[in-house]
Amino acid sequence: TKNYDYLIVGAGPFGMTFAYEAAKRGKRSLVVEKRAFIGGNTHTHVENGITVHDFGAHIFHTDNKMVWDYVRQFAEFNGFQNQVIANYNGKLFNLPFNMNTFYQMWGTKTPDEAKAKIEEQKAAALKELGDRQPRNLEEQAISLIGTDIYKALIKGYTEKQWGRKATELPAFIIKRLPVRFIYDNNYFNHRYQGIPVGGYTQIFEHMVERADGLIDVMTNTDFFEHKDDFLAEFPKVLYTGMIDQFFDYKHGELEYRSLRFESETIDSDNYQGNAVVNYTDAETPFTRQMEWRHFDGLADEGKTIITREYPQDWDRTKEAYYPVNNEKNTELYKKYVQEARENAPEVMFGGRLGKYRYFDMDQVFNDALNTVRQEFGIDDDFNFAHD
Ligand code: FDA
(Lines give C-alpha, C1' and ligand atoms only; values in the text may rest on other atoms or scores of the structure.)
Protein backbone atom coordinates (compact mmCIF):
# COMPACT_ATOMS: atom_id res chain seq x y z
CA THR A 1 0.00 0.00 0.00
CA LYS A 2 1.06 3.52 -0.73
CA ASN A 3 2.20 5.86 1.95
CA TYR A 4 -0.58 8.37 2.11
CA ASP A 5 -0.28 11.62 4.04
CA TYR A 6 -4.03 12.25 4.17
CA LEU A 7 -7.29 10.41 4.09
CA ILE A 8 -9.96 12.73 2.69
CA VAL A 9 -13.59 11.79 3.17
CA GLY A 10 -15.79 13.29 0.44
CA ALA A 11 -14.85 14.24 -3.13
CA GLY A 12 -16.83 17.50 -3.10
CA PRO A 13 -15.23 20.92 -3.69
CA PHE A 14 -13.84 21.09 -0.15
CA GLY A 15 -12.14 17.70 -0.14
CA MET A 16 -10.83 17.94 -3.70
CA THR A 17 -9.42 21.44 -3.27
CA PHE A 18 -7.55 20.35 -0.17
CA ALA A 19 -6.23 17.23 -1.92
CA TYR A 20 -5.03 19.29 -4.89
CA GLU A 21 -3.22 21.88 -2.79
CA ALA A 22 -1.69 19.15 -0.63
CA ALA A 23 -0.42 17.47 -3.82
CA LYS A 24 1.14 20.74 -4.96
CA ARG A 25 3.10 20.57 -1.72
CA GLY A 26 4.19 16.99 -2.39
CA LYS A 27 1.63 15.31 -0.12
CA ARG A 28 -0.25 12.20 -1.14
CA SER A 29 -3.99 11.79 -0.49
CA LEU A 30 -6.55 9.03 -0.68
CA VAL A 31 -10.01 10.48 -1.29
CA VAL A 32 -12.93 8.20 -0.43
CA GLU A 33 -16.34 9.09 -1.82
CA LYS A 34 -19.52 7.16 -1.14
CA ARG A 35 -21.19 8.23 -4.37
CA ALA A 36 -20.20 6.91 -7.80
CA PHE A 37 -18.67 10.22 -8.91
CA ILE A 38 -16.62 13.23 -7.82
CA GLY A 39 -17.68 16.86 -7.41
CA GLY A 40 -20.13 16.40 -4.54
CA ASN A 41 -23.33 18.38 -4.97
CA THR A 42 -21.78 20.42 -7.77
CA HIS A 43 -21.53 17.30 -9.94
CA THR A 44 -22.69 17.71 -13.55
CA HIS A 45 -23.00 15.31 -16.46
CA VAL A 46 -23.50 15.84 -20.18
CA GLU A 47 -26.45 14.27 -22.00
CA ASN A 48 -27.78 15.17 -25.48
CA GLY A 49 -25.07 17.84 -25.57
CA ILE A 50 -26.66 19.42 -22.50
CA THR A 51 -24.82 19.94 -19.21
CA VAL A 52 -27.15 18.81 -16.43
CA HIS A 53 -26.49 19.84 -12.82
CA ASP A 54 -27.43 16.70 -10.90
CA PHE A 55 -28.16 18.41 -7.59
CA GLY A 56 -29.99 21.57 -8.59
CA ALA A 57 -28.92 24.75 -10.36
CA HIS A 58 -25.36 25.77 -9.50
CA ILE A 59 -24.31 29.28 -10.42
CA PHE A 60 -20.90 30.47 -9.34
CA HIS A 61 -21.08 33.98 -7.90
CA THR A 62 -18.59 35.82 -5.72
CA ASP A 63 -16.95 39.12 -4.85
CA ASN A 64 -13.77 37.27 -3.93
CA LYS A 65 -11.31 37.89 -6.77
CA MET A 66 -8.84 35.32 -5.42
CA VAL A 67 -11.45 32.54 -5.46
CA TRP A 68 -12.72 33.61 -8.90
CA ASP A 69 -9.17 33.40 -10.31
CA TYR A 70 -8.62 30.14 -8.47
CA VAL A 71 -11.57 28.25 -9.99
CA ARG A 72 -10.84 29.56 -13.48
CA GLN A 73 -7.55 27.66 -13.46
CA PHE A 74 -9.59 24.51 -13.90
CA ALA A 75 -12.35 25.54 -16.35
CA GLU A 76 -13.48 28.32 -18.62
CA PHE A 77 -16.47 30.17 -17.19
CA ASN A 78 -19.22 31.82 -19.22
CA GLY A 79 -20.88 35.01 -17.99
CA PHE A 80 -24.21 33.46 -17.01
CA GLN A 81 -26.40 35.57 -14.77
CA ASN A 82 -29.39 34.00 -13.07
CA GLN A 83 -32.57 35.85 -14.03
CA VAL A 84 -35.35 33.97 -12.35
CA ILE A 85 -38.99 34.06 -13.46
CA ALA A 86 -41.70 33.39 -10.88
CA ASN A 87 -44.91 31.72 -12.02
CA TYR A 88 -47.77 32.40 -9.61
CA ASN A 89 -50.93 30.64 -10.81
CA GLY A 90 -50.01 31.38 -14.41
CA LYS A 91 -49.03 35.01 -13.88
CA LEU A 92 -45.34 35.77 -14.41
CA PHE A 93 -43.08 38.04 -12.37
CA ASN A 94 -39.37 38.86 -12.45
CA LEU A 95 -37.22 38.08 -9.43
CA PRO A 96 -35.50 39.25 -7.32
CA PHE A 97 -37.93 41.98 -6.24
CA ASN A 98 -37.14 44.93 -8.48
CA MET A 99 -38.79 47.62 -10.63
CA ASN A 100 -39.92 44.98 -13.15
CA THR A 101 -41.66 43.00 -10.38
CA PHE A 102 -43.38 46.12 -9.03
CA TYR A 103 -44.55 47.09 -12.51
CA GLN A 104 -45.97 43.59 -13.05
CA MET A 105 -47.63 43.66 -9.62
CA TRP A 106 -49.01 47.21 -9.49
CA GLY A 107 -48.23 49.01 -12.75
CA THR A 108 -45.87 51.41 -10.95
CA LYS A 109 -43.29 52.89 -13.32
CA THR A 110 -40.97 55.08 -11.25
CA PRO A 111 -38.98 54.28 -8.10
CA ASP A 112 -41.05 56.86 -6.17
CA GLU A 113 -44.30 55.22 -7.23
CA ALA A 114 -43.01 51.76 -6.28
CA LYS A 115 -41.69 52.96 -2.90
CA ALA A 116 -45.00 54.65 -2.12
CA LYS A 117 -46.88 51.45 -2.92
CA ILE A 118 -44.62 49.32 -0.72
CA GLU A 119 -44.85 51.84 2.13
CA GLU A 120 -48.64 51.80 1.85
CA GLN A 121 -48.69 48.00 2.02
CA LYS A 122 -46.28 47.89 4.95
CA ALA A 123 -48.23 50.55 6.87
CA ALA A 124 -51.40 48.45 6.60
CA ALA A 125 -49.53 45.42 7.92
CA LEU A 126 -47.91 47.30 10.80
CA LYS A 127 -51.27 48.77 11.80
CA GLU A 128 -52.61 45.25 12.00
CA LEU A 129 -49.69 44.17 14.20
CA GLY A 130 -50.01 47.12 16.57
CA ASP A 131 -47.22 47.14 19.16
CA ARG A 132 -46.28 43.53 18.99
CA GLN A 133 -43.33 41.97 17.23
CA PRO A 134 -44.02 39.62 14.31
CA ARG A 135 -44.78 36.20 15.82
CA ASN A 136 -44.20 34.07 12.75
CA LEU A 137 -42.76 34.13 9.26
CA GLU A 138 -46.01 35.39 7.73
CA GLU A 139 -46.23 38.41 10.01
CA GLN A 140 -42.54 39.11 9.58
CA ALA A 141 -42.68 39.02 5.77
CA ILE A 142 -45.79 41.18 5.58
CA SER A 143 -44.25 43.75 7.91
CA LEU A 144 -41.19 43.91 5.63
CA ILE A 145 -42.85 43.99 2.21
CA GLY A 146 -46.66 44.06 2.49
CA THR A 147 -49.39 41.62 1.54
CA ASP A 148 -49.36 41.59 -2.28
CA ILE A 149 -45.77 40.47 -2.77
CA TYR A 150 -45.93 38.17 0.22
CA LYS A 151 -48.98 36.30 -1.08
CA ALA A 152 -47.84 35.94 -4.67
CA LEU A 153 -44.11 35.44 -4.32
CA ILE A 154 -43.18 34.34 -0.79
CA LYS A 155 -45.95 32.42 0.97
CA GLY A 156 -46.48 29.31 -1.21
CA TYR A 157 -42.80 28.94 -2.11
CA THR A 158 -41.65 29.16 1.51
CA GLU A 159 -44.34 26.76 2.73
CA LYS A 160 -43.23 24.20 0.15
CA GLN A 161 -39.55 24.69 1.03
CA TRP A 162 -40.14 24.06 4.72
CA GLY A 163 -43.12 21.73 4.52
CA ARG A 164 -44.98 23.89 7.04
CA LYS A 165 -47.49 26.76 7.06
CA ALA A 166 -45.91 30.22 7.10
CA THR A 167 -47.85 30.97 10.29
CA GLU A 168 -46.12 28.00 11.95
CA LEU A 169 -42.61 28.99 10.85
CA PRO A 170 -40.43 31.20 13.06
CA ALA A 171 -40.04 34.86 12.10
CA PHE A 172 -36.22 34.69 12.16
CA ILE A 173 -36.08 32.70 8.90
CA ILE A 174 -36.65 35.98 7.07
CA LYS A 175 -34.42 38.70 8.43
CA ARG A 176 -34.43 41.00 5.45
CA LEU A 177 -36.17 41.08 2.10
CA PRO A 178 -33.92 42.99 -0.26
CA VAL A 179 -35.74 45.17 -2.79
CA ARG A 180 -34.20 47.01 -5.72
CA PHE A 181 -35.58 50.21 -7.14
CA ILE A 182 -33.89 49.67 -10.48
CA TYR A 183 -34.91 47.51 -13.44
CA ASP A 184 -32.40 44.73 -12.78
CA ASN A 185 -33.26 41.00 -12.81
CA ASN A 186 -29.76 39.73 -11.95
CA TYR A 187 -30.45 37.39 -9.03
CA PHE A 188 -27.06 37.77 -7.35
CA ASN A 189 -25.33 41.00 -6.41
CA HIS A 190 -21.82 39.66 -6.92
CA ARG A 191 -19.29 41.12 -9.30
CA TYR A 192 -18.06 37.77 -10.69
CA GLN A 193 -20.67 35.31 -11.94
CA GLY A 194 -20.75 32.39 -14.33
CA ILE A 195 -20.95 28.68 -15.05
CA PRO A 196 -18.05 26.52 -16.21
CA VAL A 197 -18.61 25.72 -19.88
CA GLY A 198 -19.03 21.93 -19.97
CA GLY A 199 -19.92 21.73 -16.27
CA TYR A 200 -18.34 21.56 -12.82
CA THR A 201 -17.10 17.97 -12.83
CA GLN A 202 -14.12 18.87 -15.07
CA ILE A 203 -12.78 21.17 -12.32
CA PHE A 204 -12.24 18.19 -10.05
CA GLU A 205 -11.03 15.91 -12.86
CA HIS A 206 -8.40 18.53 -13.70
CA MET A 207 -7.33 18.67 -10.06
CA VAL A 208 -6.70 14.92 -10.09
CA GLU A 209 -4.89 15.04 -13.47
CA ARG A 210 -2.64 17.89 -12.42
CA ALA A 211 -1.73 16.29 -9.09
CA ASP A 212 0.79 14.02 -10.87
CA GLY A 213 -0.45 10.82 -9.28
CA LEU A 214 -0.58 12.20 -5.75
CA ILE A 215 -4.39 11.96 -5.52
CA ASP A 216 -6.15 8.60 -5.59
CA VAL A 217 -9.93 8.63 -5.57
CA MET A 218 -12.03 5.66 -4.48
CA THR A 219 -15.67 6.18 -5.41
CA ASN A 220 -18.53 3.99 -4.12
CA THR A 221 -16.70 3.82 -0.79
CA ASP A 222 -18.43 4.82 2.41
CA PHE A 223 -16.02 5.91 5.12
CA PHE A 224 -18.19 4.30 7.80
CA GLU A 225 -17.79 0.84 6.35
CA HIS A 226 -14.09 0.99 7.22
CA LYS A 227 -13.99 3.72 9.85
CA ASP A 228 -11.83 1.95 12.44
CA ASP A 229 -9.31 0.69 9.88
CA PHE A 230 -9.09 4.08 8.24
CA LEU A 231 -8.55 5.91 11.52
CA ALA A 232 -5.91 3.40 12.61
CA GLU A 233 -4.07 3.59 9.29
CA PHE A 234 -4.12 7.29 8.46
CA PRO A 235 -2.34 9.78 10.69
CA LYS A 236 -4.35 12.70 9.30
CA VAL A 237 -7.95 12.80 8.16
CA LEU A 238 -10.01 15.51 6.50
CA TYR A 239 -13.66 14.70 6.90
CA THR A 240 -16.34 16.52 4.84
CA GLY A 241 -19.30 14.29 5.72
CA MET A 242 -21.92 14.90 8.43
CA ILE A 243 -20.30 15.72 11.76
CA ASP A 244 -23.03 14.03 13.85
CA GLN A 245 -22.67 10.81 11.86
CA PHE A 246 -18.92 10.80 12.53
CA PHE A 247 -19.74 10.44 16.24
CA ASP A 248 -22.53 7.96 15.58
CA TYR A 249 -25.18 10.60 16.42
CA LYS A 250 -24.29 10.18 20.10
CA HIS A 251 -25.72 13.56 21.12
CA GLY A 252 -28.66 13.29 18.71
CA GLU A 253 -29.37 14.00 15.07
CA LEU A 254 -28.80 17.35 13.38
CA GLU A 255 -31.79 18.19 11.19
CA TYR A 256 -31.78 18.91 7.47
CA ARG A 257 -34.22 19.61 4.66
CA SER A 258 -33.98 17.31 1.68
CA LEU A 259 -34.88 17.57 -2.00
CA ARG A 260 -36.02 15.23 -4.74
CA PHE A 261 -35.14 15.92 -8.37
CA GLU A 262 -37.18 14.72 -11.32
CA SER A 263 -35.77 15.13 -14.82
CA GLU A 264 -37.37 14.78 -18.21
CA THR A 265 -36.00 14.88 -21.76
CA ILE A 266 -38.37 16.65 -24.14
CA ASP A 267 -38.32 16.95 -27.93
CA SER A 268 -38.00 20.71 -28.11
CA ASP A 269 -35.41 23.41 -28.68
CA ASN A 270 -36.85 25.64 -26.02
CA TYR A 271 -39.41 24.46 -23.51
CA GLN A 272 -39.76 27.26 -20.97
CA GLY A 273 -37.63 30.09 -22.40
CA ASN A 274 -35.59 30.56 -19.22
CA ALA A 275 -33.00 28.73 -17.10
CA VAL A 276 -34.98 28.79 -13.84
CA VAL A 277 -38.71 29.24 -13.26
CA ASN A 278 -39.94 29.30 -9.65
CA TYR A 279 -43.48 28.07 -8.97
CA THR A 280 -44.58 30.24 -6.09
CA ASP A 281 -48.12 28.95 -5.53
CA ALA A 282 -48.79 26.40 -2.78
CA GLU A 283 -50.49 23.80 -5.02
CA THR A 284 -47.75 23.03 -7.58
CA PRO A 285 -45.73 20.43 -5.66
CA PHE A 286 -42.31 21.51 -6.96
CA THR A 287 -40.57 24.81 -6.20
CA ARG A 288 -38.39 25.27 -9.27
CA GLN A 289 -38.08 24.03 -12.80
CA MET A 290 -34.71 24.28 -14.54
CA GLU A 291 -34.10 24.01 -18.29
CA TRP A 292 -30.42 23.19 -18.56
CA ARG A 293 -29.71 24.28 -22.15
CA HIS A 294 -30.33 27.88 -21.09
CA PHE A 295 -27.39 27.87 -18.67
CA ASP A 296 -24.81 27.79 -21.45
CA GLY A 297 -26.72 27.74 -24.72
CA LEU A 298 -25.41 24.27 -25.59
CA ALA A 299 -27.63 21.35 -26.62
CA ASP A 300 -28.22 18.88 -29.40
CA GLU A 301 -30.85 20.11 -31.82
CA GLY A 302 -34.41 19.20 -30.95
CA LYS A 303 -33.64 18.02 -27.39
CA THR A 304 -34.07 19.76 -24.09
CA ILE A 305 -33.82 18.52 -20.51
CA ILE A 306 -35.80 19.95 -17.62
CA THR A 307 -35.51 19.15 -13.91
CA ARG A 308 -38.14 19.82 -11.27
CA GLU A 309 -37.07 20.31 -7.66
CA TYR A 310 -39.37 18.99 -4.91
CA PRO A 311 -38.58 19.81 -1.28
CA GLN A 312 -39.00 16.92 1.15
CA ASP A 313 -38.46 16.05 4.78
CA TRP A 314 -35.07 14.59 5.56
CA ASP A 315 -34.29 11.31 7.30
CA ARG A 316 -31.14 9.17 7.26
CA THR A 317 -32.20 7.43 4.04
CA LYS A 318 -32.29 10.75 2.12
CA GLU A 319 -29.69 13.25 0.95
CA ALA A 320 -29.09 16.09 3.39
CA TYR A 321 -29.19 19.42 1.53
CA TYR A 322 -30.06 22.33 3.78
CA PRO A 323 -29.12 22.50 7.47
CA VAL A 324 -31.91 23.75 9.74
CA ASN A 325 -29.92 26.29 11.73
CA ASN A 326 -32.39 26.90 14.56
CA GLU A 327 -31.46 27.22 18.22
CA LYS A 328 -31.81 23.52 18.99
CA ASN A 329 -29.54 22.41 16.16
CA THR A 330 -27.02 25.16 16.81
CA GLU A 331 -26.65 23.95 20.40
CA LEU A 332 -26.35 20.37 19.24
CA TYR A 333 -23.73 21.29 16.65
CA LYS A 334 -21.66 22.97 19.39
CA LYS A 335 -21.65 19.66 21.30
CA TYR A 336 -20.20 17.91 18.28
CA VAL A 337 -17.55 20.58 17.84
CA GLN A 338 -16.55 20.05 21.46
CA GLU A 339 -16.56 16.29 20.90
CA ALA A 340 -14.31 16.71 17.85
CA ARG A 341 -11.86 18.85 19.78
CA GLU A 342 -11.62 16.38 22.65
CA ASN A 343 -11.91 13.01 20.99
CA ALA A 344 -10.77 13.41 17.39
CA PRO A 345 -7.96 15.99 17.34
CA GLU A 346 -6.32 14.30 14.33
CA VAL A 347 -9.44 14.87 12.22
CA MET A 348 -10.18 18.13 10.40
CA PHE A 349 -13.87 18.79 9.80
CA GLY A 350 -14.73 20.89 6.76
CA GLY A 351 -17.30 21.67 4.10
CA ARG A 352 -21.03 22.16 4.40
CA LEU A 353 -21.76 18.87 6.21
CA GLY A 354 -18.69 18.93 8.44
CA LYS A 355 -19.50 22.50 9.54
CA TYR A 356 -23.31 22.10 9.44
CA ARG A 357 -23.76 25.35 7.51
CA TYR A 358 -25.13 26.34 4.16
CA PHE A 359 -22.13 27.36 2.10
CA ASP A 360 -22.10 28.63 -1.44
CA MET A 361 -19.34 27.23 -3.62
CA ASP A 362 -17.13 30.30 -3.39
CA GLN A 363 -17.21 30.06 0.41
CA VAL A 364 -16.29 26.38 0.23
CA PHE A 365 -13.27 27.01 -2.01
CA ASN A 366 -12.21 29.90 0.22
CA ASP A 367 -12.60 27.81 3.39
CA ALA A 368 -10.69 24.90 1.88
CA LEU A 369 -7.80 27.23 0.95
CA ASN A 370 -7.83 28.64 4.48
CA THR A 371 -7.58 25.09 5.82
CA VAL A 372 -4.58 24.56 3.50
CA ARG A 373 -2.94 27.72 4.86
CA GLN A 374 -3.44 26.49 8.43
CA GLU A 375 -2.36 22.94 7.78
CA PHE A 376 0.83 23.92 5.95
CA GLY A 377 1.56 27.01 8.03
CA ILE A 378 1.76 29.18 4.93
CA ASP A 379 0.49 32.59 3.99
CA ASP A 380 -0.04 31.81 0.30
CA ASP A 381 -2.37 34.14 -1.59
CA PHE A 382 -2.89 31.38 -4.20
CA ASN A 383 -2.05 33.89 -6.84
CA PHE A 384 -0.56 32.59 -10.06
CA ALA A 385 -0.26 33.65 -13.67
CA HIS A 386 -2.94 32.34 -16.00
CA ASP A 387 -1.76 30.27 -18.92
P1 FDA B 1 -20.47 18.40 -0.92
O2 FDA B 1 -21.75 17.97 -0.34
O3 FDA B 1 -20.48 18.96 -2.27
O4 FDA B 1 -19.45 17.19 -0.90
C5 FDA B 1 -19.36 16.30 0.19
C6 FDA B 1 -19.08 14.92 -0.35
O7 FDA B 1 -18.81 14.02 0.73
C8 FDA B 1 -20.28 14.33 -1.10
O9 FDA B 1 -19.89 13.95 -2.40
C10 FDA B 1 -20.69 13.13 -0.24
O11 FDA B 1 -21.19 12.05 -1.01
C12 FDA B 1 -19.38 12.78 0.43
N13 FDA B 1 -19.57 12.03 1.68
C14 FDA B 1 -20.36 12.35 2.73
N15 FDA B 1 -20.29 11.40 3.68
C16 FDA B 1 -19.43 10.46 3.22
C17 FDA B 1 -18.97 9.21 3.75
N18 FDA B 1 -19.39 8.75 4.92
N19 FDA B 1 -18.09 8.50 3.02
C20 FDA B 1 -17.66 8.94 1.81
N21 FDA B 1 -18.08 10.09 1.26
C22 FDA B 1 -18.96 10.85 1.96
N23 FDA B 1 -23.66 27.11 -4.37
C24 FDA B 1 -23.38 28.17 -5.16
O25 FDA B 1 -22.33 28.79 -4.99
N26 FDA B 1 -24.23 28.54 -6.15
C27 FDA B 1 -25.40 27.90 -6.40
O28 FDA B 1 -26.15 28.27 -7.30
C29 FDA B 1 -25.72 26.78 -5.56
N30 FDA B 1 -26.86 26.09 -5.75
C31 FDA B 1 -27.21 25.05 -4.91
C32 FDA B 1 -28.42 24.41 -5.11
C33 FDA B 1 -28.80 23.38 -4.27
C34 FDA B 1 -30.14 22.69 -4.48
C35 FDA B 1 -27.94 22.99 -3.20
C36 FDA B 1 -28.34 21.89 -2.24
C37 FDA B 1 -26.72 23.62 -3.02
C38 FDA B 1 -26.34 24.67 -3.88
N39 FDA B 1 -25.11 25.33 -3.74
C40 FDA B 1 -24.82 26.40 -4.55
C41 FDA B 1 -24.14 24.93 -2.68
C42 FDA B 1 -23.08 23.92 -3.16
O43 FDA B 1 -23.72 22.71 -3.52
C44 FDA B 1 -22.08 23.70 -2.00
O45 FDA B 1 -21.43 24.91 -1.72
C46 FDA B 1 -20.99 22.65 -2.25
O47 FDA B 1 -21.48 21.47 -2.84
C48 FDA B 1 -20.33 22.28 -0.93
O49 FDA B 1 -19.17 21.51 -1.13
P50 FDA B 1 -18.65 20.49 -0.02
O51 FDA B 1 -17.42 19.88 -0.53
O52 FDA B 1 -18.63 21.18 1.28
O53 FDA B 1 -19.84 19.42 0.14
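Up top is the structure these notes are about.
Fair warning: this is a prediction, and the values are worked out from it, not measured in the lab. (Residues numbered from 1 in each chain as written. Predicted model: local features only at pLDDT ≥ 70, side-chain atom pairs only at ≥ 80, totals over all residues. Heavy atoms only, no water.)

## Digging into the packing of helix H1 (residues 13-24) against helix H13 (residues 361-376)
And step 1. In the contact formed by H1 and H13, the axes pass within 9 Å of each other and the chain directions differ by 40°. What the angle tells us is that H1 and H13 run oblique. Once H1 is placed against H13, the crossing between them reads as right-handed. In contact with Pro13, Phe14, Thr17, Phe18, Glu21 and Ala22 of H1, H13 contributes Val364, Phe365, Asp367, Ala368, Leu369, Thr371, Val372, Glu375 and Phe376. (Axes fitted to C-alpha atoms, helices over the stretch in contact; angles between N-to-C directions. Helix = DSSP H or I, 4+ residues; strand = E, 2+ residues; numbered from the N terminus. Parallel < 35°, antiparallel > 145°, perpendicular 65-115°, else oblique. Left-handed = near helix turned anticlockwise from the far one by under 90°. Contact = heavy atoms within 4.5 Å.)

## Thoughts on the side chain of Glu309
And step 1. Tracing the sequence through the fold places Glu309 in strand S14 (residues 304-313).
And step 2. For Glu309, a relative accessible area of 3% puts it in the buried group.
And step 3. In terms of polar contacts, Glu309 uses its side chain to reach the side chain of Arg288, at 2.9 Å.
And step 4. Contacts of Glu309, omitting those with residues within four sequence positions, involve Gly56, Leu259, Arg260, Phe261, Phe286, Thr287, Arg288, Met290 and Tyr322. (Buried < 20%, exposed > 50% of the residue type's maximum accessible area, 1.4 Å probe, protein only. Polar contact = N/O pair within 3.5 Å; in protein donor to acceptor, adjacent residues only side chain to side chain.)

## What to know about the packing of aromatic side chains
And step 1. Applying the stated rule across the entire model yields 40 aromatic pairs.
And step 2. Taking the centre distance of 6.0 Å and the plane angle of 40° together, the rings of Phe37 and Phe55 count as tilted. Of this pair, Phe37 sits in the loop between strand S2 (29-32) and strand S3 (44-47) while Phe55 sits in the loop between strand S4 (50-53) and strand S5 (60-62); the two residues are 18 residues apart in sequence, bridging distant segments of the chain.
And step 3. With a centroid separation of 6.4 Å and an interplanar angle of 10°, the aromatic rings of Phe204 and Phe365 are classed as stacked. Residue Phe204 is found in helix H7 (residues 201-209), and its partner Phe365 is found in helix H13; the two are separated by 161 residues along the sequence. (Phe/Tyr/Trp six-rings, centres within 6.5 Å; stacked < 30°, edge-to-face > 60°.)

## Looking at the pairing of S3
And step 1. For S3 and S4, the ladder comprises 4 bridges, and the chain directions are antiparallel. Paired with Glu47 across the bridge in S4 is Ile50.
And step 2. Hairpin connection from S3 to S4: 2 residues lie between these consecutive antiparallel strands, with Asn48 at a positive phi of about 50°. (Pairing = 2+ DSSP bridges.)

## A closer look at the nonpolar core
And step 1. Membership of the largest hydrophobic core comes to 75 residues, with the highest contact counts inside it found for Phe60, Phe97, Ile149, Leu153, Met207, Phe295 and Phe365.
And step 2. The two domains that each donate at least three residues to this core are domain 1 (6-80 + 192-254 + 324-376) and domain 2 (99-173).
And step 3. In this structure Phe365 touches Pro13, Thr17, Phe60, Val67, Tyr70, Val71, Phe204 and Met207, once residues within four positions along its chain are discounted.
And step 4. Grouped together as the second largest cluster of nonpolar side chains are 29 residues, Tyr239, Ile243, Phe246 and Trp314 included. (Core = buried A, V, L, I, M, F, W, Y, C linked by side-chain atoms within 4.5 Å. Domains from an automatic or database assignment.)

## As for helix H3 (residues 99-106)
And step 1. Most of H3 is tucked away, with 6 of its 8 residues classed as buried.
And step 2. Looking only at H3, the buried set comprises Met99, Asn100, Thr101, Phe102, Met105 and Trp106.
And step 3. Those residues of H3 that are buried are in contact with strand S7 (91-94), helix H4 (111-129) and helix H6 (147-162).
And step 4. The N-cap residue of H3 is Asn98: its side-chain oxygen and the backbone nitrogen of Asn100 are 2.9 Å apart.
And step 5. Once H3 finishes, Gly107 follows within two positions and takes phi at roughly 80°, a positive value.

## Section: unusual backbone geometry
And step 1. Leu95 connects to Pro96 through a cis peptide bond whose omega is -10°.
And step 2. As for its placement among the helices and strands, Pro96 is situated in the loop between S7 and H3.
And step 3. A positive phi angle, close to 50°, is found at Asn220, a residue other than glycine.
And step 4. Residue position: Asn220 is located in the loop between strand S9 (215-218) and helix H8 (227-233).
And step 5. At Tyr249, a residue that is not glycine, the phi angle is positive and equals roughly 55°.
And step 6. On the secondary structure map, Tyr249 appears in the loop between helix H9 (243-246) and strand S11 (256-266).

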